[in-house]
Amino acid sequence: MSEEASPVSAPPSAPVSAPPVAAISVENLSHRYGNFPVLSGVSFDVQPGEIFGFIGPNGAGKTTTIRIMATLLEPTAGRVLIDGIDVALEPERVRRIVGYMPDHAGVYERITIREYLEFFADAYDLRDGKVVDAALELTELSKLDDRLVASLSKGMKQRLQIARILLHDPKVLVLDEPASDLDPRARIEVRDLLLELSELGKTIFLSSHILTELSDVCTSVGILERGRLVIAGPIAEIAERLERERAGEAAPGAEPAAAGGSSSYLTPGGAVVPPQARRRLKLRVLGPAESVVPLLQGGGGVLDVQTAPGGLLTVLYAGDDRFVADVVRYLVQQGVGVVGVEPERNELERIFLEVTRGELG
Ligand SMILES: Nc1ncnc2c1ncn2[C@@H]1O[C@H](COP(=O)(O)OP(=O)(O)OP(=O)(O)O)[C@@H](O)[C@H]1O
Ligand SMILES: [Mg+2]
């Protein structure tokens, strides 16, 4: 038998290995409850190892999407593949590789942490006794294993939920609003746990309507508004794309009206800086901040400088990260003791404001 029997023979230069399979692939997904459309043509991919934040306001369709991923709901149209497996066609196989945590999940209260996890390990038919210990250890609940679930704080209960979905060692974690009811400390703990799980190679998909909850943890985001995907991809890539679009907008010959209203700024060269191109940089210097203002004012890209006690300066500027590096270098060369530099931290917030139409809270 000749190998040439294949109807499609690859060209000799074609790569031997197949393209990597997305951990989650959402393809043209639509859903309606009765006649009420909730999702319309949503498509995005989550690559293996990513922490993907699914952002959208109440009612945007996040939970609906997640329930489809978790095999609990069949889509009206389109499909979702997890690790290449169609959730509607092979739900059993998908459940083995997905750990799903619903929003506002309850826990059984009158048993201990260990009993709770043993119960689920039995329910999943996991016979290896070590799975409970491994999940306890990962979620740092080992020392509390004989505590009654009822006595746990909300944060610990959330960790217990995460321990539960780790029992069968899933590749992909799907978490619906994992930090929505938690206080700041518990949020930080959940965030750190997610980062740790990501380092172990898990792909993590989580939803939230709180941006700051996602900004320090996600590598990629998808923004959903009224059942439609506004944008999706790695945060750095989206930021770069928007940066390029902004640069296009600010190009010579751009309509000055684009800046809009009385709040417009002009660069020293007279170009209008649109509001979305303005960024903020916080600096802390040794000595009075006022003495630094003359060094900054009039510099290319500097739009405004404000001072505050304690050597604090806020610089409003038009530029990218190179601007920040240049300002710091220049100030140090001028003998200023720069002790703190905080570029506008929240890239995600900026992306969000640019791509949404203000329907999000
Ligand atoms: N079982 C259902 N039957 C009918 N309509 C539903 C059902 N579940 C959700 N909806 C509606 O579908 C829309 C999307 O709901 P979904 O729960 O997916 O949004 P969400 O983004 O998760 O919102 P939240 O931030 O409030 O959790 C909402 O308008 C909601 O009222
Ligand atoms: Mg929801």
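Residues numbered from 1 in each chain as written. Chains lettered and ligands numbered in written order. Predicted model: local features only at pLDDT ≥ 70, side-chain atom pairs only at ≥ 80, totals over all residues.

Remarks on the overall build of the protein chain
And step 1. Scanning the protein chain for helices and strands turns up eleven helices and 16 strands.
And step 2. Counting across all 361 residues of the protein chain, residues that qualify as buried make up 29%. (Helix = DSSP H or I, 4+ residues; strand = E, 2+ residues; numbered from the N terminus. Buried ≥ 20, exposed ≤ 12 C-beta atoms within 10 Å, placed from the backbone.)

Section: the nonpolar core
And step 1. Ranked by size, the top nonpolar core spans 45 residues in total, and within it Met69, Ile82, Val174 and Phe205 carry the most contacts.
And step 2. If we skip the residues at most four places from it in the chain, Met69 touches Ile24, Val80, Ile82, Val87 and Val174.
And step 3. In terms of nonpolar packing, the next biggest core, distinct from the first, is built from 14 residues, Ile113, Ala135, Met156 and Leu160 among them. (Core = buried A, V, L, I, M, F, W, Y, C linked by C-beta atoms within 7 Å. Contact = placed C-beta atoms within 7 Å.)

Concerning unusual backbone geometry
And step 1. Even without being a glycine, Thr71 presents a positive backbone phi close to 70°.
And step 2. Its place among the elements puts Thr71 in the loop between α1 (62-69) and β4 (77-82).
And step 3. Residues other than glycine seldom take positive phi values, yet Glu140 does so here, at roughly 55°.
And step 4. Residue placement: Glu140 occurs in the loop between α4 (130-138) and α5 (154-166).

Description of the packing of helix α3 (residues 113-123) against α4
And step 1. Interaxial distance between α3 and α4 falls to 10 Å at its minimum, and their mutual angle equals 130°. Comparing the axis directions of α3 and α4 gives the class oblique. Considering the relative orientation of α3 and α4, their crossing is right-handed. Facing α3, whose interface residues are Arg114, Leu117, Glu118 and Ala121, α4 presents Val131, Val132, Ala135 and Leu136.
And step 2. The residue makeup of the contact of α3 with α4, split by class, is six nonpolar, no polar and two charged. (Axes fitted to C-alpha atoms, helices over the stretch in contact; angles between N-to-C directions. Parallel < 35°, antiparallel > 145°, perpendicular 65-115°, else oblique. Left-handed = near helix turned anticlockwise from the far one by under 90°. Nonpolar A, V, L, I, M, F, W, Y, C, P; charged D, E, K, R; others polar.)

Thoughts on the sheet that holds strand β10 (residues 228-234)
And step 1. Here six strands make up an open sheet; going across it, the order is β6-β7-β8-β3-β9-β10 and the pairing mixed. One side of each edge strand has no neighbouring strand; the edge strands of this open sheet are β6 (98-101) and β10. Across the sheet, the mean angle from the axis of one strand to that of its neighbour is 15°, orientation sign disregarded.
And step 2. Of the strand pairs in this sheet, strand β3 (residues 51-55) and strand β9 (residues 220-225) are connected by four bridges, and their pairing is parallel. Within β9, the residue paired with Gly53 across the bridge is Val221. (Pairing = 2+ DSSP bridges.)

A look at the site of ligand 1
And step 1. Around ligand 1, a shell composed of Tyr33, Phe36, Val38, Gly56, Asn58, Gly59, Ala60, Gly61, Lys62, Thr63, Thr64 and His209 is seen.
And step 2. At the level of secondary structure, the elements contributing two or more residues to the shell around ligand 1 comprise β2 (36-46) and α1.
And step 3. Sorting elements by how many residues they give to the shell around ligand 1 places α1 first, with three residues. (Near = placed C-beta within 6 Å.)

Points about the sheet that holds strand β16 (residues 338-343)
And step 1. Spatial strand order, β14-β15-β13-β16: four strands in an open sheet with antiparallel pairing. A strand with exactly one partner marks an edge of an open sheet, and here the two such strands are β14 (302-308) and β16. Across the sheet, the mean angle from the axis of one strand to that of its neighbour is 20°, orientation sign disregarded.
And step 2. Taken strand by strand, helix α10 (residues 321-333) contacts β13 (278-285), β15 (312-318) and β16, and its axis lies near 170° from that of β16.

A few points about α5
And step 1. Between its first and last C-alpha atoms α5 spans 19 Å; for 13 residues at 1.5 Å apiece the expected length is 18 Å, and the two agree.
And step 2. Of all 13 residues that make up α5, ten are buried, and the element is covered over most of its length.
And step 3. Looking at the packing, one finds that the buried side of α5 touches β6, α3, α4 and α6 (184-199). (Expected span 1.5 Å × (residues − 1).)

Comments concerning the environment of Val336
And step 1. Relative to the elements of secondary structure, Val336 occurs in the loop between α10 and β16.
And step 2. Judged by local crowding, Val336 falls into the partly exposed class, with 19 C-beta atoms found within 10 Å.
And step 3. C-alpha separation for the pair Val336 and Ser291, spaced 45 residues apart in sequence, amounts to 9.3 Å.

Some thoughts on the pairing of β4
And step 1. Relative to β4, strand β1 (residues 24-33) runs antiparallel, the two being bridged by five bridges. In the sheet register, Ser25 faces β4, and the bridge partner there is Leu81.
And step 2. Where β4 lies against strand β5 (residues 85-86), two bridges are found, and the strand directions are antiparallel. Paired with Leu81 across the two strands is Asp86, which belongs to β5.

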